[in-house]
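# Notes for the structure review
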Amino acid sequence: LKKENYYSISLQYWADPLLPDHIKSTEREVERRVRFLWSLDGQAPSVVPPTSLYHSFEKVNGYPIISNTVNDPKPCTSFVPLVRGGIDINETGWVTDGTFGLTYNQGTNCIWELVSDATLRINIKVKFFDLEQSAGCAGDYLEIKTGVGQVLEVFGTYCGHYDEGEVLLSTVARKVVLTFVTNKAQEYEGFNLTWKAHWVGTESAILKTVLDTGDV
């Protein structure tokens, strides 16, 4: 390669009619399903010889360029719990992975804590929910734990798709912890959940309403 020359670069796939498949595989220049081609000054494209791609590994100004995939510039903050404390009867709120309309980021580990001084029924309902689908939620997932103080148990682990209005959680507790974890495989739209706290003295009627109508 010479810096004063302009090279036209292209890829040739196996389905290209110009690829000489009739040539014996042992006689082909490059045994590949995809070939890397170049041409100089309008000449016919030819296969780029591997030796032309070798270099001294000396630093070149401005390179290498390292790019990290960031779908959402304002995601939830990983490993820093967002705590909503002092929750009282009939209080409501929402939990979301980040910016509406943008897919979530890779390598996310976000935590939300809903904490009440008294034992209340907490209901969580889906506004939208779209995560990577995987067996046993081994990929991206939302985990919900419930309990009191530091004594928590896993209520459920969620991934894939849930329709608007579906109830993810309805339980009596003083603390609910939601943890959102993503890998580096696939990213989706994420989730937006609404929650509401109820007095446990009316929990039977409230639970029935939630299950019958979907109202949080």
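These lines cover the structure that appears in this document, whether it is placed above or below. (Residues numbered from 1 in each chain as written. Predicted model: local features only at pLDDT ≥ 70, side-chain atom pairs only at ≥ 80, totals over all residues. Heavy atoms only, no water.)

### Thoughts on the overall build of the chain
Assigned secondary structure in the chain consists of one helix and 11 strands. Along the chain, helices and strands appear, N-terminal first, in the series β-β-β-β-β-β-β-β-β-β-β-α. Relative to its 216 residues, the chain shows a buried fraction of 34%. The contacts in the chain between residues at least 6 apart in sequence include a share of 76% that link residues at least 24 apart. As displayed, the chain offers around 14,000 Å² of accessible surface, 54% of which is attributable to carbon and sulfur atoms. (Helix = DSSP H or I, 4+ residues; strand = E, 2+ residues; numbered from the N terminus. Buried < 20%, exposed > 50% of the residue type's maximum accessible area, 1.4 Å probe, protein only. Contact = heavy atoms within 4.5 Å. Areas by Shrake-Rupley, 256 points an atom, 1.4 Å probe, with all protein chains shown as cover.)

### Overview of the pattern of salt bridges
Across all of its chains, the model carries three salt bridges by this definition. A salt bridge links Glu91 to Arg84, with the shortest nitrogen-to-oxygen separation between them at 2.7 Å. When its relative accessible area of 24% is taken as the criterion, Glu91 is described as partly exposed. Residue Glu113 pairs with Lys175 through a salt bridge whose shortest N-O separation is 3.9 Å. Of the two residues, Glu113 is situated in strand S6 (residues 109-130) and Lys175 in strand S10 (residues 167-181); the sequence distance between them amounts to 62 residues. Each member of the pair, Glu113 together with Lys175, is buried. (Salt bridge = Lys/Arg side-chain N within 4 Å of Asp/Glu carboxyl O.)

### Description of the layout of surface pockets
Which parts of space are left empty comes out when a probe the size of a water molecule is rolled across the atoms. Considering only enclosed or pocket space, the largest pocket measures out at about 220 Å³ in volume. The wall of the largest pocket is formed by 14 residues, among which Leu82, Trp94, Val95, Thr96 and Trp112 lie closest to the centre. At the level of secondary structure, the elements contributing two or more residues to the lining of the largest pocket comprise strand S4 (82-87), strand S5 (92-96) and S6. Split into classes, the residues belonging to the lining of the largest pocket amount to eight nonpolar, two polar and four charged. (1 Å grid on protein atoms, 1.4 Å probe; cavity = no way out; pocket = protein on both sides within 12 Å on 5 of 7 lines; lining within 4 Å. Points joined across faces, edges and corners; volume = space filled by probe spheres on them. Nonpolar A, V, L, I, M, F, W, Y, C, P; charged D, E, K, R; others polar.)

### Some details on the nonpolar core
Counting 25 residues, the largest nonpolar core has Phe129, Leu142, Leu178, Phe180, Phe191 and Leu193 as the members making the most contacts within it. The set of elements that each furnish at least two residues to this core consists of S6, strand S7 (141-148), S10 and strand S11 (190-199). Sorting elements by how many residues they give to this core places S6 first, with eight residues. Discounting chain neighbours no more than four positions away, the residues touching Phe129 are Leu142, Tyr158, Cys159, Gly160, His161, Tyr162, Leu168, Gly190, Phe191 and Leu193. (Core = buried A, V, L, I, M, F, W, Y, C linked by side-chain atoms within 4.5 Å.)

### Here we look at the pairing of S10
Burial runs high along S10: 12 of the 15 residues are buried. Summarising the sheet, S6 and S10 pair through 13 bridges and their orientation is antiparallel. Across the sheet, Ile111 pairs through a bridge with Thr179, a residue of S10. (Pairing = 2+ DSSP bridges.)

### Some details on unusual backbone geometry
Positive phi outside glycine occurs at Phe79, with the angle close to 65°. Inspection of the secondary structure assignment puts Phe79 in the loop between strand S3 (46-47) and S4. On the basis of relative accessibility, which here comes to 61%, the residue Phe79 falls in the exposed class. Backbone geometry places Cys137, a non-glycine residue, at a positive phi of 50°. Secondary-structure assignment places Cys137 in the loop between S6 and S7.

### Concerning the packing of aromatic side chains
In total, this model carries seven aromatic pairs according to the counting rule given. For the pair Phe129 and Tyr162, a centre-to-centre distance of 5.2 Å together with 90° between the ring planes defines the contact as edge-to-face. Residue Phe129 is located in strand S6, and its partner Tyr162 is located in strand S9 (residues 161-162); the two are separated by 33 residues in the primary sequence. Of the residues examined, Phe129 reaches a relative accessible area of 1% and is grouped as buried. The exposure class assigned to Tyr162 is partly exposed, which follows from its relative accessible area of 22%. (Phe/Tyr/Trp six-rings, centres within 6.5 Å; stacked < 30°, edge-to-face > 60°.)

### Re the side chain of Arg121
Among the structural elements, Arg121 can be located in strand S6. A polar side-chain atom of Arg121 sits 3.0 Å from a polar atom in the side chain of Ser170. (Polar contact = N/O pair within 3.5 Å; in protein donor to acceptor, adjacent residues only side chain to side chain.)

### Section: the state of the cysteines
Counted under the stated rule, the structure contains two disulfides. A sulfur-sulfur separation of 2.2 Å characterises the disulfide bridge that pairs Cys137 with Cys159. On the sign convention where negative is left-handed, the bridge of Cys137 and Cys159, at about -80° about the S-S bond, is left-handed. In this pair, Cys137 sits in the loop between S6 and S7 while Cys159 sits in the loop between strand S8 (151-158) and S9, placing the two residues 22 residues apart along the sequence. Taken as a pair, Cys137 and Cys159 share a single burial class, namely buried. Take the cysteines of the chain that form disulfides and number them in order along the sequence; they join up as 1-2, 3-4. (Disulfide = S-S within 2.5 Å.)

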